[in-house]
Amino acid sequence: MKEDFHIQAIGLMSGTSLDGLDVCCCTFRREKNKWSFHIDCAKGYGYPDDLKQRLGTGAQKMSALEFITFHSAYGKFLGERVNDFMREFGVRPDIIASHGHTIFHEPQKKIMFQIGDGAAIAAETRVPTVSDFRRLDIMLGGQGAPLVPIGDRLLFADYDYCLNIGGFSNISFEQGEKRIAFDISPVNYVINHYCREIGLEFDRDGEIARKGSICPELLEELNGMEFYHQSGPKSLGREWVETLVYPMLERYELGLEDRLRTFYEHAAYQIARVVRAHPVSQDTGKMLITGGGAFNKFLVERIGALCPCEIVIPDRQIIEYKEALIFAFLGALYMADEPGCLASVTGATGDNIGGMLFKVSDGRTD
């Protein structure tokens, strides 16, 4: 390992909440085996309605030919947005690292697919591109998720817990000499689904849920689901929500306010339960909250009321772009030949350097 290393990378992140595409350009430095980062520029790009529909549920129903065509077309879309981004901010990074968009995630069957062809991104941008970070871990018996904890460990070590709240909530923390991480519960994936039924994209500040009342029977049933009583590593996908959670919520025939209020309490309770079950020190500890859910005032209030730790909400840029930042970091780690996927997190048979590199020969070589 070379002791000193620096690189500029763009990270692309598209989450299950379908908020859009996050693009984050960062400079990373490793000096005396300690990593640091600087966000050079970042921007979010919304999805057109037809693309959002295909990413949401449409891709799962496509024929094989339609699916692979969409895979290439979405990769081209990503490359075009990166070109727009590079022109706007005047940057040209050493590497692009793309998360893609999760369409299938069933690790127990060794099945996963992140749509968005990395080859199409590299062809559009003429910048070396790494994509498909999860597949090797899946084949090594892991969950292929979460991938963010390596960044939590190396870039955000000042916090005892790193909680991200997006389509799903996930957490990471140190336990002994190992980084432990896993998905906790669905959050925005469910909340946004029901808000769309009344023409809203999300529950701003949690104001709809704040007006509702908790249904104790539904809350008990939600909290009793088998997943919450399994030990990690473990991860969640849309299939689990659509098969188990939606039918459970709809059996109770509640109004939207009560349904969301109950679900908020469930999400906050599950986060607090994990923190209480994994104390990291004698004091209360600090928990960094990022992701779109960090903007939801009512949800953060409920987490703070139930969690026995100090809640830290960082600046807006970290909240919005932390996952894209860490995917840029995964690109840096790939180029530094360092593992980006931790077996202690995913349950794979070993740490690994996942991803496929695509590089156009007439691209940047310095």
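All chains use their own residue numbering, which begins from 1 and follows the written sequence. Given that this is a predicted model, residues contribute local features only at a pLDDT of at least 70 and side-chain atom pairs are listed and counted only at 80 or more, while totals for whole chains, interfaces and linings are drawn from all residues. Note: side-chain values were computed over all heavy atoms of the structure, leaving out hydrogens and water.

S.K.: Would you take a moment to explain the overall build of the chain for this structure?
M.R.: The secondary structure content of the chain amounts to 13 helices and 13 strands. As a reference, a globule follows 2.2 Å times the number of residues to the power 0.38, and the radius of gyration itself is taken over C-alpha atoms. Computed over C-alpha atoms, the radius of gyration of the chain comes to 20 Å, within 12% of the 21 Å expected from 2.2 N^0.38 for 366 residues, which places it in the range of a compact globule. Principal-axis analysis of the C-alpha atoms places the extent of the chain at approximately 60 × 50 × 40 Å. As displayed, the chain offers around 15,700 Å² of accessible surface, 50% of which is attributable to carbon and sulfur atoms. A run of H or I in DSSP becomes a helix once it reaches four residues, and a run of E becomes a strand once it reaches two; helices and strands are each numbered from the N terminus. The accessible surface values rely on the Shrake-Rupley method and a 1.4 Å probe; as for residues, cover is taken only from the protein chains in view.

S.K.: In this structure, what is going on with unusual backbone geometry? I would like to understand it.
M.R.: Peptide bonds are, in most cases, trans, and in most cases residues other than glycine have a negative phi. Across the junction of Ala145 and Pro146, the peptide omega takes the value -10°, indicating a cis bond. The backbone of Asp337 shows a phi angle near 60°, a positive value even though the residue is not glycine. Since its relative accessible area comes to 60%, Asp337 is described here as exposed. Residue exposure (1.4 Å probe, protein chains only): buried if accessible area is under 20% of the type maximum, exposed if over 50%, otherwise partly exposed.

S.K.: Please explain the environment of Lys322 as it appears in this structure.
M.R.: Here Lys322 is to be found in helix H12 (residues 316-335). Separated by 110 residues in sequence, Lys322 and Gly212 place their C-alpha atoms 31 Å apart. If near-sequence neighbours (up to four positions away) are discounted, Lys322 is found in contact with Val148, Asp152, Phe156, Cys162, Leu288, Thr290 and Gln317. Residue contacts are defined here by distance: any two heavy atoms, one from each residue, within 4.5 Å place the two residues in contact.

S.K.: Quick question: what am I supposed to make of the packing of helix H6 (residues 188-196) against helix H10 (residues 256-277) here?
M.R.: If you want to describe how two helices pack, look at the angle between their axes and the distance between the axes. Taken N-terminus to C-terminus, the directions of H6 and H10 make an angle of 175°; their axes are 11 Å apart at the nearest point. Considering the angle they form, H6 stands roughly antiparallel to H10. When H6 is examined against H10, the residues Val190, Ile191, Tyr194 and Cys195 are found in contact with a partner set consisting of Leu256, Arg259, Leu260, Phe263 and Tyr264. Each residue gets one of three labels, nonpolar for Ala, Val, Leu, Ile, Met, Phe, Trp, Tyr, Cys and Pro, charged for Asp, Glu, Lys and Arg, and polar for the others, Gly among them. Its residues placed into classes, the contact of H6 with H10 shows eight nonpolar, no polar and one charged. All axes here are fitted lines through C-alpha atoms, helices being fitted over the stretch that makes contact, and every angle between N-to-C directions spans 0 to 180 degrees. Geometric relationships in this document are graded by angle, where less than 35 degrees denotes roughly parallel, more than 145 denotes roughly antiparallel, 65 to 115 denotes roughly perpendicular, and other angles denote oblique.

S.K.: Honestly, the side chain of Lys234 in this entry has me stumped. Any pointers?
M.R.: Following the sequence through the fold, Lys234 ends up in the loop between helix H8 (216-223) and helix H9 (238-251). Asp and Glu count as negative and Lys and Arg as positive, but His and the ends of the chain are not part of the count. The term salt bridge refers to a side-chain nitrogen of Lys or Arg lying within 4 Å of a carboxyl oxygen of Asp or Glu. No salt bridge forms around the buried Lys234; measuring N to O, its nearest opposite-charge neighbour Asp183 is 9.7 Å away. Throughout this description, a polar contact denotes any pair of N or O atoms lying within 3.5 Å of each other; where both atoms belong to protein, one of them has to be capable of donating a hydrogen while the other can accept it, and for residues adjacent in sequence the pair is counted only when both atoms sit in side chains. For Lys234, the side chain forms a polar contact with the main-chain oxygen of Gln230, separated by 2.9 Å. In contact with Lys234, other than residues within four places in its own chain, are Gln143, Phe182, Asp183, Phe227 and Tyr228.

S.K.: What exactly am I supposed to notice about the sheet that holds strand E1 (residues 5-14) here?
M.R.: Hydrogen bonds between backbone atoms are what pair the strands of a sheet, whose relative direction is either parallel or antiparallel. Here a strand pair is declared whenever DSSP counts at least two bridges between the two strands. What the six strands build is an open sheet, ordered E3-E2-E1-E4-E7-E13; its pairing is mixed. Among the strands making up the open sheet, the edge pair consists of strand E3 (34-45) and strand E13 (356-358). Geometrically, the sheet is characterised by an average inter-axis angle of 25° between neighbouring strands, direction not taken into account. In this structure, strand E7 (residues 129-131) lies alongside E13, joined through three bridges in antiparallel fashion. Among the inter-strand pairings, Thr129 is bridged to a residue of E13, identified as Phe358. Across the sheet, helix H3 (residues 118-125) is in contact with E1, strand E4 (95-98), E7 and E13; its angle to E7 comes to roughly 165°.

S.K.: I tried to follow the pattern of salt bridges on my own but got confused; where do I start?
M.R.: Pairing is possible between side chains of opposite charge, provided their charged atoms come close. On inspection of all chains with the given rule, the structure shows 22 salt bridges. Here Glu242 ties to Arg238 by a salt bridge, and the two come within 3.7 Å at their closest N and O atoms. You can see Glu242 and its partner Arg238 sitting in helix H9, four residues apart, about one turn around the helix. Each member of the salt-bridge network shares a partner with another, and the members are Lys76, Glu80, Arg81, Asp84, Arg87 and Glu124.

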